[in-house]
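# Overview (structure and organization)
Given next are the chains, with one letter for each unit.
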Amino acid sequence: MENSNKTAMACIRCGRCINACPYALNPVNIMTTMKSMPVDKEKVKFLNPAACDECKKCNDVCPSNIDLATLVKRAKIVAKLP
Amino acid sequence: MVDTVKVDAPQNNTVEAVKKPHKQSVEWMLYDVLIALAPAVIYSFLVYGVYAIRNVLIPVATMFIAEMVFVVIKNRKALFSKDEKTKKKFFDVLNVTDILSPIISGIIFGLMTQNRDTDPEWLIYFILIISSLFGIIFGKLIFGGLGKNIFNPAAVSFVFMLICFSSKFTGAFHYNAWGLSFLPNVASFTTSATALEAGISSSTITMDNIKALFLGNINGGIGESCKIPLLIGLAYLLIRRDIDWKTIVSFIAMFLLMSLVAGLFIYGHNGKISPLTYTLYQLLSGGVLFGLTYMLSEPVTMPLTAPSRVMYGMVIAIIVVFIRTFASAPEGMAYAILMGNGLGCFIDYYKWSQTRFTWKSWLAIAIIGVLGLGIFAWCMNGYNFGGIL
């Protein structure tokens, strides 16, 4: 089931998504970078969201029901921008 | 639309609960902290009576009211909207986390206060209210509420109280307020406010006093004195996986190692003080066990990745031992946790923070350990023991 169906709460930085990610990404950091304005493109590229294969394990473990996978997917697009 | 979401959500949760038993919600994590705090609260109510009830309930009420005001201010556009479509009621915007988190912060701060009257006696109400307000506003709310705070609100409240009002706590001590027969008398070595203020000497660091420290028949913080409820709370939080065991283990390992080094130096000066007894005395005195159970392991103010969390625990242990050994303040746990919170962002900077344990992270952990121990041993080597023994 996707977290987008549920009410998302504030991230409490428990770090479970990082431990669950099979590609050792940092979904929390990607999320906070994507939510900041303006988005720091260099930081997004450094965090390497392109490695994500959208397995959504980060969504499964998140206690706050945040839809991290969609944010990482958006970060992929931002990382590809020139 | 809103009704559909409300009907769907429990079904989704049930399916997920069957599929993935370790999925937890934020509400349950906060309920778990409340359950873990319950033994310490019950113990303090039993032993310190109305004084403990006063010291716990006033911060809880103050922080709760402050959080509610914050919820109103945060959702003012929806609450005071003139358009009926966008207007919401107060209970629609209120989350369970908004209720639970200030209660937990208030209980933690209340349990850290001393079992001692202020002079004059009414001042304690003012101190508790002002410190709680300062902690919740400047420790949490100005950052944007739960999940966005850098510093632990309970630690901010406690440090504010220590800095501003510690000279006012000069009244009578309270212990065994209900006159319970099974409680032992207060241990004789604590003529001063806390065990750490009693100082380090061959008469204070004995196995009898360590037993008194473990059982809690000493003066000090109302929730920190007896270690049995704290160990129950720690075990519960670890079993429920609400806190990260890596931070706890790295903190305890570094703390014991550095205390042992200090104990060896003191043993070299005074052969009557055993290094192992000194290490146990340091672990059981003050707020070390309380701080590591309820404040150090709080996920919001910790770094994110596993290697960073190990480093965070080590850095806080180093700061605690330095403050306890060399600073004029006897207790350093709350100060060290705040300094660690501040350093957390630096440890967790995205350019060097590793998400898994690699040789680089192990090297960084080794450097922190060796540097901390080396500088501490160097300082101890040049320390004048005449003043403390």
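In the block above lies the structure referred to throughout.
Values in this document were obtained by computation on a predicted structure and should not be read as measured data.

## Comments concerning the packing of helix H2 (residues 26–74) of chain B against helix H9 (residues 227–239) of chain B
Residues and elements named next belong to chain B. Packing of H2 against H9 leaves a shortest axis separation of 8 Å and a crossing angle of 170°. Our classification of the angle between H2 and H9 gives roughly antiparallel. Contacts between H2 and H9 involve Asp 32, Val 33, Ile 35, Ala 36, Pro 39, Ala 40 and Tyr 43 from the first element and Pro 229, Leu 230, Ile 232, Gly 233, Tyr 236 and Leu 237 from the second.

## Description of the packing of aromatic side chains
Applying the stated criterion across every chain, the model contains 17 aromatic pairs over all chains. An aromatic cluster of at least three residues, connected via ring pairs, comprises Phe46(A), Phe346(B), Tyr349(B), Tyr350(B) and Trp352(B). Of note, Arg54(B) hangs over the ring of Tyr125(B), and the distance from its end group to the ring centre comes to 5.8 Å.

## As for the interface of chain B and chain A
Listed by partner, the interface residues are 32 residues for chain B and 30 residues for chain A. Across the interface of chain B and chain A, roughly 2,700 Å² is buried in total on both sides, 54% from carbon and sulfur atoms. Across the contact surface, chain B and chain A share zero salt bridges. The interface formed by chain B and chain A includes nine residue pairs in polar contact (both at pLDDT 80 or more). Elements represented by at least two residues in the side of chain B that touches chain A include exactly helix H1 (2–19) and H2 of chain B. Counting residues per element, the side of chain B that touches chain A draws most heavily on H1(B), at five residues.

## Quick notes on the pattern of salt bridges
Side chains that carry opposite charge are capable of pairing whenever their charged atoms lie near each other. Tallying each qualifying case throughout the model produces six salt bridges over all chains. Note that Glu54(A) is salt-bridged to Lys73(A), the shortest N-O span being 4.0 Å. Linking Glu54(A) in the loop between helix H3 (41–46) and helix H4 (57–61) with Lys73(A) in helix H5 (residues 68–80), this pair joins segments that are 19 residues apart in sequence. A relative accessible area of 33% means that Glu54(A) is categorised as partly exposed. For Lys73(A), a relative accessible area of 43% translates into the label partly exposed. One salt bridge connects Arg309(B) with Asp244(B), and the closest N-O pair in it is separated by 3.0 Å. With a gap of 65 residues between them, Arg309(B) in helix H13 (residues 306–326) and Asp244(B) in the loop between H9 and helix H10 (245–269) connect regions that are remote in the sequence. Its relative accessible area of 10% is what places Asp244(B) among the buried residues. The network of salt bridges with shared partners includes Glu54(A), Lys73(A) and Lys76(A).

Rules of the game
Residues numbered from 1 in each chain as written. Chains lettered and ligands numbered in written order. Predicted model: local features only at pLDDT ≥ 70, side-chain atom pairs only at ≥ 80, totals over all residues. Heavy atoms only, no water. Axes fitted to C-alpha atoms, helices over the stretch in contact; angles between N-to-C directions. Helix = DSSP H or I, 4+ residues; strand = E, 2+ residues; numbered from the N terminus. Parallel < 35°, antiparallel > 145°, perpendicular 65-115°, else oblique. Contact = heavy atoms within 4.5 Å. Phe/Tyr/Trp six-rings, centres within 6.5 Å; stacked < 30°, edge-to-face > 60°. Lys NZ or Arg CZ within 6 Å of the ring centre and 35° of its normal. Buried area = accessible area lost by both parts, 1.4 Å probe. Salt bridge = Lys/Arg side-chain N within 4 Å of Asp/Glu carboxyl O. Polar contact = N/O pair within 3.5 Å; in protein donor to acceptor, adjacent residues only side chain to side chain. Buried < 20%, exposed > 50% of the residue type's maximum accessible area, 1.4 Å probe, protein only.

Without other data, these values stay purely geometric and don't point to any function.
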